[in-house]
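Single-letter residue listing:
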Amino acid sequence: MSLNDINNLLKRYLDGKCSAEESRLVENWLAENGSGNDEWKNMNDTARKQWLLYLYRDVQRSIQLKDEDKNIIPAYRTGRNINPSPNLRVWKLIASIAAICVLIGGLYAAWPTIQDQISPVSYHELSAASGIRKLLVLDDGTRLWLNSGSNLKYPSRFKGKNREVYLQGEAYFEVAHNAEIPFIVHTGKLRTRVLGTTFNIRAYKDDPDVKVTLFTGKVEVIREISNKETNKLILLPKQEATYRKDAGSLVKTTVNNIVINHHSAWKDGKLIFDETPMPEVLKRLSLAYNVKFILTDEKINGCTITGSFNVNQNIEEILKSISISMDGKFVREVNQFTLIAQGCAK
């Protein structure tokens, strides 16, 4: 820290324009290196201001000395009530504040390493059992909703060039924007990379495909084999990427508002079906209510359901609506329902 820096710092302090950190810096130095014998601590406000004013003027003279390369008579004289031996104190002030600044700068640069030693990064797992949805706020401020029957692996804090999490199941993300550190969601052989956006990923282990649906912003969906990129798609709002596990294909489609609502409504406890195949309907209900279903006729799998429900409703009310549309009925045995029907209603 130069004399000019000290000069500016003292002037701001005298004018009452220092930041809180700068004020602490000056006051700590004054308390430790003031006029000696704890004189600073015993001064009243008027005496302290006068002492600081003398010190400020002496810093200015020291600057002039440095610039003109000639001797300047110190501002202080023997016999004053306040006699801090000026030039020596000026350089002690410079050395003290400079040392503090160097220490702070060094700690700032070394903080990531120090933080790793004090609090190493550890990974946590969050699971949402059937019938349960969970909300999680990550270290960077990203919010995500984990759907029933899903699992998320995430770090205690993010470090390095990426923010990475691992998902099995379904989650809705509201990613905190950071243009320098991308947010990456790993789902098996698929990797979704974003900077800051909202999107839904459905990647249940027993599903035949993985779906990434974008609501706002832009995401990059990458298919990987042995950690090597083999296919890449860029999604814009109202677009969806589908990775078919059996064929290993990755395709992009444009979706309507109904599909968008379908993929975001679950986090608010809603179930929206729009000509949805029966197996998908029953799976959604199974996850939301933690129940099982048995079909008496495989033809039922070819039926579709349209409707909107809330998970706060009694499941039997929902099943009654579905059975009427199919001209059938559900028979309950504890947490298991058997659907008795001949097929789809005509």
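Here, every reference points to the structure presented above.
Model, not experiment: these values are computed from the prediction.

Caption draft 1: Layout of the nonpolar core. Core analysis: the largest hydrophobic core is formed by 31 residues, its most contacted members being Val-165, Phe-173, Phe-183, Phe-199 and Ile-201. Here the element with the most residues in this core is strand E5 (residues 163-174); it accounts for 4 residues. Non-local contacts of Phe-183, meaning those with residues more than four positions away in its chain, are made with Leu-138, Asp-140, Thr-142, Phe-158, Arg-163, Val-165, Phe-173, Val-175, Thr-192, Arg-193 and Val-194. Core analysis: the next-biggest nonpolar cluster, separate from the first, contains 24 residues, Met-278, Val-291, Ile-305 and Val-311 among them.

Caption draft 2: Summary view of the side chain of His-263. Turning to its location among the elements, His-263 is positioned in helix H6 (residues 257-265). Note on His-263: relative accessible area 5%, which makes it buried. Excluding residues that lie within four positions of it along the chain, His-263 makes contacts with Glu-170, Tyr-172, Asn-200, Lys-211, Thr-213, Phe-215 and Glu-240.

Caption draft 3: Focus on helix H7 (residues 278-289). Helix length check: H7, at 12 residues, gives a terminal C-alpha distance of 16 Å against a target of 16 Å (1.5 Å per residue), a fit within 8%. In terms of residue burial, H7 counts as a mostly covered element, since 9 of its 12 residues are buried. All buried positions along H7 are accounted for by Met-278, Val-281, Leu-282, Lys-283, Arg-284, Leu-285, Leu-287, Ala-288 and Tyr-289. Following H7 by one or two positions, Asn-290 has its phi on the positive side, about 55°.

Caption draft 4: Here's a closer look at the packing of aromatic side chains. Going through the model one piece at a time under the given rule, you end up with 8 aromatic pairs. Each ring, one from Phe-158 and one from Phe-183, has its centre 6.1 Å from the other, and the planes form 70°; the classification is edge-to-face. Highlighted residues: Phe-158 in the loop between strand E4 (150-155) and E5 and Phe-183 in strand E6 (residues 183-187), separated in sequence by 25 residues. For the pair Phe-158 and Phe-183, one class covers both residues: buried. Of the aromatic side chains, those joined through ring pairs into one cluster are Phe-158, Phe-173, Phe-183 and Phe-199. The ring centre of Trp-145 lies 4.7 Å from the NZ or CZ of Lys-267, which sits over that ring.

Caption draft 5: A look at the sheet that holds strand E17 (residues 329-333). With mixed pairing, the 3 strands of this open sheet are ordered in space as E15-E18-E17. At either end of the open sheet lies a strand with only one pairing partner, and these are strand E15 (292-295) and E17. On average, each strand axis in the sheet is tilted by 25° relative to the strand beside it, whichever way the strands run. Strand direction decides the pairing type here: E15 and strand E18 (residues 336-340), joined by 4 bridges, are parallel. In the sheet register, Phe-293 faces E18, and the bridge partner there is Phe-337.

Procedures and definitions
- Residues numbered from 1 in each chain as written.
- Predicted model: local features only at pLDDT ≥ 70, side-chain atom pairs only at ≥ 80, totals over all residues.
- Heavy atoms only, no water.
- Core = buried A, V, L, I, M, F, W, Y, C linked by side-chain atoms within 4.5 Å.
- Buried < 20%, exposed > 50% of the residue type's maximum accessible area, 1.4 Å probe, protein only.
- Helix = DSSP H or I, 4+ residues; strand = E, 2+ residues; numbered from the N terminus.
- Contact = heavy atoms within 4.5 Å.
- Expected span 1.5 Å × (residues − 1).
- Phe/Tyr/Trp six-rings, centres within 6.5 Å; stacked < 30°, edge-to-face > 60°.
- Lys NZ or Arg CZ within 6 Å of the ring centre and 35° of its normal.
- Pairing = 2+ DSSP bridges.
- Axes fitted to C-alpha atoms, helices over the stretch in contact; angles between N-to-C directions.

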